[in-house]
Amino acid sequence: MDGENGTKENKTQGRYQVLGEETLPAEAGSIDAFVEFASQHARQRGFADSRIDEIRKVLGEALRNIIRFTFDNSPGEIKVSCNIDKFGKFVLAVVDSGKPFNMLLEDDPFIGSLETNPAGPRLNTKTMKRFSSNIEYKRLENRNHLIITLARDMKSGKD
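Since the model is a prediction, treat every value here as computed from it, not as a measurement.

What counts and how
Residues numbered from 1 in each chain as written. Predicted model: local features only at pLDDT ≥ 70, side-chain atom pairs only at ≥ 80, totals over all residues. Heavy atoms only, no water. Pairing = 2+ DSSP bridges. Helix = DSSP H or I, 4+ residues; strand = E, 2+ residues; numbered from the N terminus. Expected span 1.5 Å × (residues − 1). Buried < 20%, exposed > 50% of the residue type's maximum accessible area, 1.4 Å probe, protein only. Contact = heavy atoms within 4.5 Å. Salt bridge = Lys/Arg side-chain N within 4 Å of Asp/Glu carboxyl O. Core = buried A, V, L, I, M, F, W, Y, C linked by side-chain atoms within 4.5 Å. Axes fitted to C-alpha atoms, helices over the stretch in contact; angles between N-to-C directions. Left-handed = near helix turned anticlockwise from the far one by under 90°. Nonpolar A, V, L, I, M, F, W, Y, C, P; charged D, E, K, R; others polar.

## Section: the pairing of strand E4 (residues 134–140)
Right, so step 1: As judged from the 7 bridges shared by E4 and strand E5 (residues 143–150), these two strands associate in the antiparallel manner. Paired with Asn134 across the strands is Thr149, a residue of E5.
Right, so step 2: A loop of 2 residues connects E4 with E5, the two strands running antiparallel in sequence, and Glu141 in this loop sits at a positive phi of about 50 degrees.

## Describing helix H2 (residues 31–44)
Right, so step 1: Relative to the 20 Å expected for 14 residues at 1.5 Å per residue, H2 spans 20 Å between its end C-alpha atoms, a close match to the ideal helical length.
Right, so step 2: Buried residues of H2: Ile31, Phe34, Val35, Phe37, Ala38, Ser39, His41 and Ala42, and no others.
Right, so step 3: At its buried positions, H2 is contacted by strand E1 (17–25), helix H3 (49–71), strand E2 (77–84) and strand E3 (90–96).
Right, so step 4: Immediately beyond the C-terminal end of H2, within one or two residues, lies Gly46, with a positive phi of roughly 90 degrees.

## Regarding the pattern of salt bridges
Right, so step 1: One pass over the full model with this rule turns up 3 salt bridges.
Right, so step 2: The salt bridge involving Glu21 is made with Lys79; its shortest N-O contact spans 3.9 Å. Of this pair, Glu21 sits in strand E1 while Lys79 is found in strand E2, placing the two residues 58 residues apart along the sequence.
Right, so step 3: What makes Glu21 partly exposed here is its relative accessible area of 48%.
Right, so step 4: Close ionic contact of Arg51 with Glu54 constitutes a salt bridge, the shortest N to O distance being 2.9 Å. Of this pair, Arg51 and Glu54 both sit in helix H3, 3 residues apart, roughly one helical turn.
Right, so step 5: A relative accessible area of 3% means that Arg51 is categorised as buried.

## Looking at the nonpolar core
Right, so step 1: Grouped together as the largest cluster of nonpolar side chains are 35 residues, with contacts concentrated most on Leu59, Ile78, Val80, Phe90, Leu92 and Leu146.
Right, so step 2: When contributions to this core are tallied by element, the ones reaching two or more residues are H2, H3, E2, E3, helix H4 (103–106), helix H5 (126–131) and E5.
Right, so step 3: In terms of residue count, H3 provides more of this core than any other element does, 10 residues in total.
Right, so step 4: In this view, Ile78 contacts Glu22, Thr23, Leu24, Ala26, Phe34, Leu63, Ile66, Ile67, Phe71, Val94, Val95 and Asp96; residues no more than four positions away in its chain are not counted.

## Details of the sheet that holds E1
Right, so step 1: The strand order across the open sheet built from 5 strands is E1-E2-E3-E5-E4, with neighbouring strands paired in antiparallel fashion. A strand with exactly one partner marks an edge of an open sheet, and here the two such strands are E1 and E4. Between one strand axis and the next, the sheet turns through 15 degrees on average, direction left out of account.
Right, so step 2: Examined bridge by bridge, E3 and E5 share 7 bridges and lie antiparallel to one another. Of the residues in E5, the one forming a bridge with Leu92 is Ile148.
Right, so step 3: Sheet contacts for H3: E2, E3 and E5; angle to E3, the most-contacted strand, approximately 15 degrees.

## Section: the packing of H2 against H3
Right, so step 1: Close contact between H2 and H3 brings their axes to 9 Å; oriented N to C, the two are set at 150 degrees. Between H2 and H3 lies a crossing whose hand is right-handed. Residues Ile31, Phe34, Val35, Glu36, Ala38, Ser39, Ala42 and Arg43 of H2 touch H3, and the partners they reach there are Asp49, Ile52, Ile55, Arg56, Leu59, Gly60, Leu63, Arg64 and Ile67.
Right, so step 2: Here the contact of H2 with H3 is composed, by residue class, of 10 nonpolar, 2 polar and 5 charged.

Given below as structure tokens:
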């Protein structure tokens, strides 16, 4: 498995192996570039085309939510990094400079929604949750961090 999904060094030290990072303005026009960037890294890691399509959907949904609800037409930037974790899973780290926004809680029907107008556009995280192995949100150093872990095969949960 060494070389395919990571190195012995990053596995024993418990760190991500960074495959690449991309920083762009927080605007709808950046979504396609981010999605293509992540897709290329997933393809290089040997992900099947069908799984890459799912990764594209997950990242696209996350970015649309961030741009719409975190920035709300305000300037800012988003950084997407592609990583391999200590277990060899593909990890997308999405970091933005917008206002605090945990989309994982906002989409919870028991907690509530950002939208005061129920007829307006609603936050949606169903695709992200369906095709991801794990999703985490953290607020660190005045930035939102969304960490999306993606197994190679969601049916079996294998990397």
